[in-house]
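Read off the chains here:
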Amino acid sequence: MSGAEHATTGESAEHKALKERIAKAAASGGFEAVVEDTPKHRRRRTDVLVRGDGVQIGFEPQLSPITAATVRRRSKLATDDGITPAWMTNSQTSKVIDQAPWARIDRKVWHEYLSDTELPVRGGVRRLVVEECSRMGTVCPDKKAGRPCSGWHASWSDARALERFDDLVIKAAARELVPVNVKRTSSRSVWFWVLASDLDKVDSTTSGVEDSPLGGIVTRVDIRPRLRDQSCRYGQDTGHRPPASPGADREPVSVKLADPPPPPTIGFLDWTGAAHWAKQALPCRICRKATQVRDDQMRPCHKTCAENELWRG
C-alpha cells in the first residue's frame, strides 16, 4: 500500500470523532487545522495537520490494528515533509507506542469523544522530576558508589503528566510540548512528549545522534537526564545584597500623619409617599431582586439598596 494507505474507506465513527475533536482543540488555541491533508506528491495523508508556532504537527488517531513498521514508515514520510508525527491510540498494546511520538487516551464511544467531558492522557507524556540524591535511596544513580552523593538527580515520570488531551494538541502546536527519543539499546528506543521548559533544564545527548530516527525533528535525551544546573540553591544565602537606597545613612525622621476625615453622615431616605410604590414588582436596579418600591426617578429600587449606594458614594 502507498504512503496514503489509511484512506477513509470504512473509517469508524470513533476515528472521525477524534479527528473532529483534534481540529476543534487546535482552533480553540488559535491554530489552523487541516483534516485529511494530502500533499501534491500524494505519498501521505495526514488525518489532522495542525499548523502551529513554527511547527507542523501531524495528528494520527490510530484505533485499528497497525504494524510497527507501518508506523515508522508513515512517520518518516511525515518528517520528510517537515511534519512532526503525533500518534494517538486508546489501546495499551497498540504498535504505535514507542515507534514515534505518541499518546494514549481512554477507549470511549464516538459521541463521548465529541463531548465536553475531560479526556485525560494516560501515556506518552512525561514530566521532569528532580530529587536530592540522599532522598532517593542508598545508591547514587550516577556514581554507583553504594552511597548517596550530595547532588541532585532527574528522571522522567509519566505520573499525571497531562490531564487533558485538548491541552496536548494546543501545547504541541505552541511548542510548549516537544517530543523526545530515548535510546535504550542498539535496537530499542522509547518516545514521549515533555514540556519544553523541562527540556531546557537538562542536557540533550549526542550519543547515537547520527542514527536518530525521524532525522532532526525529535531531540534525543537520556533516560536519566543530567541537569544543566547540578546544584539546588533554594534557601541558601547567595551573598547578594541589593544596593542601599539613596539617603540610607541619614538619621530617621519622625512624621505625624493627619487624622483621617470622619465618614460622611448619611441619613435615611423618606420614601413613605405613594409615589414610591407600584403594583408591579420589577428587578431592583442594584441587587436585581424583585421589588415594588420605586426611587425618585421611578426606577425599581429597594430603599436599603439606595441608602447603601449613597453611603458608598
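The structure reproduced in this document is the subject of the present report. (Residues numbered from 1 in each chain as written. Predicted model: local features only at pLDDT ≥ 70, side-chain atom pairs only at ≥ 80, totals over all residues. Heavy atoms only, no water.)

### Here we look at the overall build of the protein
In plain terms, the rule: Secondary structure elements are defined from DSSP: runs of H or I of at least 4 residues count as helices, runs of E of at least 2 residues count as strands, and each element is numbered from the N terminus. Throughout this description, buried means an accessible area under 20% of the type-specific maximum (1.4 Å probe, protein chains only), exposed means over 50%, and partly exposed covers the range between. A contact between two residues is defined here by any heavy atoms of the two lying within 4.5 Å. All accessible areas in this document rest on Shrake-Rupley with a 1.4 Å probe, and a residue is counted as covered only by the protein chains that are shown.
Of the regular secondary structure elements, the protein holds 6 helices and 12 strands. Put simply, the protein has 313 residues, and 39% of those count as buried. Expressed as a percentage of contacts within the protein between residues at least 6 apart in sequence, the contacts between residues at least 24 apart total 53%. With an accessible surface of roughly 19100 Å², the protein has 51% of that area assigned to carbon and sulfur atoms.

### A look at the nonpolar core
The condition is simple: Here, nonpolar core refers to any group of buried Ala, Val, Leu, Ile, Met, Phe, Trp, Tyr and Cys residues whose side-chain atoms link them within 4.5 Å.
In this structure, Phe59, Phe165 and Leu168 are the most contacted members of the largest nonpolar core, which totals 29 residues. Examining the composition of this core, we find that 6 residues originate from one element, helix H1 (residues 13-28), more than from any other. Look past the residues within four positions of Phe59 in its chain and what remains in contact with it is Ile22, Thr46, Asp47, Val48, Val50, Ala86, Met88, Leu168, Val169 and Ala172. The next biggest cluster of nonpolar side chains, apart from the first, holds 13 residues, and it includes Leu128, Val178, Val221 and Leu227.

### Looking at the pattern of salt bridges
Formally: We count a salt bridge whenever a side-chain nitrogen from Lys or Arg sits within 4 Å of a carboxyl oxygen from Asp or Glu.
If you walk through the whole model with that rule in mind, you get 20 salt bridges. Where Asp81 meets Arg44, a salt bridge forms, and the shortest distance between an N and an O atom there is 2.7 Å. Within this pair, whereas Asp81 is found in the loop between helix H2 (68-80) and strand S4 (84-89), its partner Arg44 is found in the loop between strand S1 (32-37) and strand S2 (46-51), the two being separated by 37 residues in sequence. The partly exposed category is assigned to Asp81, whose relative accessible area is 27%.

### Re the packing of aromatic side chains
Under the convention used in this document: Aromatic pairs are defined between Phe, Tyr and Trp rings, using the six-membered ring for Trp, whenever the two ring centres lie within 6.5 Å; interplanar angles under 30 degrees are classed as stacked, those over 60 as edge-to-face, and all others as tilted.
Throughout the structure, instances matching the rule amount to 1 aromatic pair. Ring centres of Trp156 and Phe192 lie 5.8 Å apart, and the angle between their planes is 55°; on these two criteria the pair is classed as tilted. Of this pair, Trp156 sits in strand S7 (residues 152-157) while Phe192 sits in strand S9 (residues 189-195), placing them 36 residues apart in sequence. Each member of the pair, Trp156 as well as Phe192, is classed as buried.

### What to know about the sheet that holds strand S3 (residues 56-61)
Sheets are built from strands paired through backbone hydrogen bonds, the pairs being either parallel or antiparallel. Heads up, the rule is: Only strands joined by at least two bridges in the DSSP assignment are considered to pair. Note on method: axes are straight lines fitted to C-alpha atoms, helices fitted across the in-contact stretch only, with angles between N-to-C directions ranging 0 to 180 degrees.
Overall, mixed pairing links the 5 strands, which are arranged S1-S2-S3-S4-S5 in an open sheet. Only two strands of the sheet have a single neighbouring strand rather than two, namely S1 and strand S5 (102-104). Geometrically, the sheet is characterised by an average inter-axis angle of 25° between neighbouring strands, direction not taken into account. For S4 and S5, the ladder comprises 3 bridges, and the chain directions are parallel. Bridge assignment links Thr89 to a residue of S5, and that residue is Arg104.

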